[in-house]
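As a plain string of letters, each chain reads:
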Amino acid sequence: MTIDTAKRAAQLLCSIAKPETAVILGTGLDIMEQALTIEHSVEYTDIPGFAVSSVASHAGKMIFGRLGQCPVVVMSGRFHLYEGYSPQEVTFPVRVFKLMGVKRILISNAAGGLRKDLVPGSAMIITDHINFTGRNPLVGENNEEMGPRFPDMTCPYSPLLLHKARDYAKRSDLELKEGVYVQVLGPSMETAAETRMLRIMGADAVGMSTVMEVNQAVHCGMEVMAISAITNNNDPDDYRPAPIEEVISMAKIAGPTIAGIFSSVLNS
Ligand code: HPA
């Protein structure tokens, strides 16, 4: 997973188009493709260095198109630590985006709500995160071409994009939720005791992705926005299973809301 491989991948993708905005679609959120005007798509298997997503709910293709009027490159399917990929493999596409000239990245995921008001089917804008994986894609020799050794994390999520999202919500009478996302390693779902701990730690939603990509994107100097599709609500005092089928079907309900927010922040 060398920088040379990333450069080859970037060169191939740039020969198709050079959008300045990248989007990552999370579990069940390929429904957001419906909001895109699709111009081209490339299978991950045809891109140098790309891993193959082993999760059935994730496709594995890079889509070029427009969200509203804005040119975008969209990852339909992402890589997870729980699949056995290293943090560097999980975030390889973000480094490729950087080499392509991408300036901002909009990330979505499916997550369990840890606050009562975060009900299945709703969307939560991530205002900050907790890395509870013990992993980081930036461990190892620093690549100065990408960014600094100790990236500042005082403001990982773009205040400007957040401001635009709030504006859109007000205009469209959308009750926009905001909160802190915690990434756990997975693939086991959390126990009730772990859920209680995550709440006490200050997390509002829990999932198994995103923080690796955000850390890499911040390192690369990109503007970042991330939104969770809340697919289940985890109450440690009334703890219930959240089967993957439910996660996917609830993500599909939140998908259009997230697509609407992404589209509005890119077109206003
Ligand atoms: N926990 C972890 N990951 C998740 C959850 C959850 O409750 N829901 C969707 N992804």
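Note that the structure is predicted; figures quoted are calculated from it, not measured.

Brief notes about the site of the ligand
Then step 1. Contacts to the ligand come from Ala110, Ala111, Gly112, Met189, Glu190, Val206, Gly207, Met208, Thr231, Asn232 and Asn234.
Then step 2. A distance of 3.5 Å separates a nitrogen atom of the ligand from a polar atom in the side chain of Thr231.
Then step 3. Asn234 is positioned such that a nitrogen or oxygen atom in its side chain is 2.9 Å from an oxygen atom of the ligand.
Then step 4. Sorting the residues of the shell around the ligand by element identifies strand S5 (104–113), strand S8 (205–207) and strand S9 (223–233) as the ones contributing at least two each.
Then step 5. Tallied by class, residues from the shell around the ligand come to five nonpolar, five polar and one charged.

Looking at the pairing of S5
Then step 1. Within S5, 10 of the 10 residues are buried, leaving the element largely enclosed by the surrounding structure.
Then step 2. Of the pairings in the sheet, the one linking strand S1 (residues 21–25) to S5 comprises four bridges and is parallel in character. The residue bridging Val23 from the neighbouring strand is Leu106, located in S5.
Then step 3. Two elements, S5 and S9, share 10 bridges in a ladder whose sense is parallel. Directly across from Gly113, in S9, lies its bridge partner Asn233.

As for the side chain of Thr231
Then step 1. Mapped onto the secondary structure, Thr231 falls in strand S9.
Then step 2. Excluding anything up to four places from it in sequence, Thr231 contacts Ala110, Ala111, Pro120, Glu246, Val247, Met250 and Ala251.

Regarding the environment of Arg66
Then step 1. Here Arg66 shows up in strand S3 (residues 61–67).
Then step 2. Contact partners of Arg66, with chain neighbours within four places excluded, come to Ala35, Leu36, Thr37, Glu39, Pro71 and Val72.

Things to note about the environment of Tyr239
Then step 1. Along the chain, Tyr239 falls in the loop between S9 and helix H7 (244–266).
Then step 2. Separated by 12 residues in sequence, Tyr239 and Ile227 have C-alpha atoms that sit 24 Å apart.
Then step 3. Aside from chain neighbours lying at most four places away, what touches Tyr239 is Glu190, Thr191, Ala192, Thr195 and Asn234.
Then step 4. Side-chain polar atoms of Tyr239 contact the backbone oxygen of Glu190, separated by 2.6 Å.

Thoughts on helix H1 (residues 3–14)
Then step 1. The end-to-end C-alpha separation of H1 is 16 Å, in line with the 16 Å expected for 12 residues at 1.5 Å each.
Then step 2. All of the buried residues along H1 are Thr5, Ala6, Ala9, Ala10 and Leu13. One side of H1 holds all its buried residues, which, seen down the axis, span an arc of 135 degrees. Exposed residues pointing more than 90 degrees away from the buried face of H1 are listed as Asp4 and Gln11.
Then step 3. Those residues of H1 that are buried are in contact with strand S2 (36–43), S3 and helix H3 (92–100).

The rules behind these values
Residues numbered from 1 in each chain as written. Predicted model: local features only at pLDDT ≥ 70, side-chain atom pairs only at ≥ 80, totals over all residues. Heavy atoms only, no water. Near = heavy atom within 4 Å. Polar contact = N/O pair within 3.5 Å; in protein donor to acceptor, adjacent residues only side chain to side chain. Helix = DSSP H or I, 4+ residues; strand = E, 2+ residues; numbered from the N terminus. Nonpolar A, V, L, I, M, F, W, Y, C, P; charged D, E, K, R; others polar. Buried < 20%, exposed > 50% of the residue type's maximum accessible area, 1.4 Å probe, protein only. Pairing = 2+ DSSP bridges. Contact = heavy atoms within 4.5 Å. Expected span 1.5 Å × (residues − 1). Arc of directions from axis to C-beta.

Shape is all these values report; function is a separate question.
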